[in-house]
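Below, each chain spelled out in residue letters.
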Amino acid sequence: QVQLVESGGGLVQAGGSLRLSCAASGRTFSSYTMGWFRQAPGLEREFVAAISRSGGITYYGESVKGRFTISRDNAENTVYLQMNSLKSEDTAVYYCAARFGPIQRDNAYDYWGQGTQVTVSS
């Protein structure tokens, strides 16, 4: 069982930056691929980014490529999402997720956090 707690959301002006954090419980954090997803009102959940267990492989959704960076600190059981050049369309609830095993190009994750709101004002 893995528990995930996101933090770092808030209100920011367009063009600004935010860094989200996701703290994971347990002693096997390095066994999990980690991902970030987001969901805006009335829209389906969207893949944002994923990072492999060692941190050596990352994937990004097309809408955030070049602006967002996912990273992880296995010693601190934490995954981060650095968001730069934020746009109003980035406004959403952002969720951290974990899957046991290697990174894959699908959205099947085993554990989810409660989400943190990011609001970008134009």
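All values derive from a computational prediction rather than experimental measurement.

(A) The pattern of salt bridges, seen in detail. For the structure on display, the rule yields 5 salt bridges. Measuring nitrogen to oxygen at the nearest pair gives 2.8 Å for the salt bridge that ties Arg-38 to Glu-46. Its salt-bridge partner being Asp-90, residue Arg-38 comes within 2.9 Å of it at the nearest N-O pair. Of this pair, Arg-38 sits in strand β4 (residues 32–39) while Asp-90 sits in the loop between β8 (78–83) and β9 (92–100), and the two are 52 residues apart along the sequence. Connected through salt bridges with shared partners, the residues Arg-38, Glu-46, Arg-67 and Asp-90 form a single ionic network.

(B) View of the pairing of β4. Counted residue by residue, β4 has 7 buried out of 8 residues, so it is predominantly covered. Here β4 runs beside strand β5 (residues 46–51); their pairing, made up of 5 bridges, is antiparallel. Following the sheet pairing, Trp-36 is matched in β5 by Ala-49.

(C) Molecular detail of the state of the cysteines. In the structure shown here, the tally under the stated rule is 1 disulfide. Across a sulfur-sulfur distance of 2.1 Å, Cys-22 and Cys-96 are joined as a disulfide pair. Across the disulfide from Cys-22 to Cys-96, rotation about the S-S bond amounts to roughly -80 degrees, and the bridge is consequently left-handed. One end of the pair, Cys-22, is in strand β3 (residues 18–24); the other, Cys-96, is in strand β9, with 74 residues separating them in the sequence. A relative accessible area of 0% places Cys-22 in the buried class. A relative accessible area of 0% means that Cys-96 is categorised as buried.

(D) Spotlight on the side chain of Ser-52. Structurally, the position occupied by Ser-52 is in the loop between β5 and β6 (58–60). In this structure Ser-52 comes out as buried when scored by relative accessible area, which is 7%. Within polar-contact distance, the side chain of Ser-52 engages the backbone nitrogen of Gly-56 at 3.2 Å. Leaving out residues up to four positions away in the same chain, Ser-52 has contacts with Thr-33, Ile-57, Arg-72 and Ile-103.

Rules behind the numbers
Residues numbered from 1 in each chain as written. Predicted model: local features only at pLDDT ≥ 70, side-chain atom pairs only at ≥ 80, totals over all residues. Heavy atoms only, no water. Salt bridge = Lys/Arg side-chain N within 4 Å of Asp/Glu carboxyl O. Helix = DSSP H or I, 4+ residues; strand = E, 2+ residues; numbered from the N terminus. Buried < 20%, exposed > 50% of the residue type's maximum accessible area, 1.4 Å probe, protein only. Pairing = 2+ DSSP bridges. Disulfide = S-S within 2.5 Å. Polar contact = N/O pair within 3.5 Å; in protein donor to acceptor, adjacent residues only side chain to side chain. Contact = heavy atoms within 4.5 Å.

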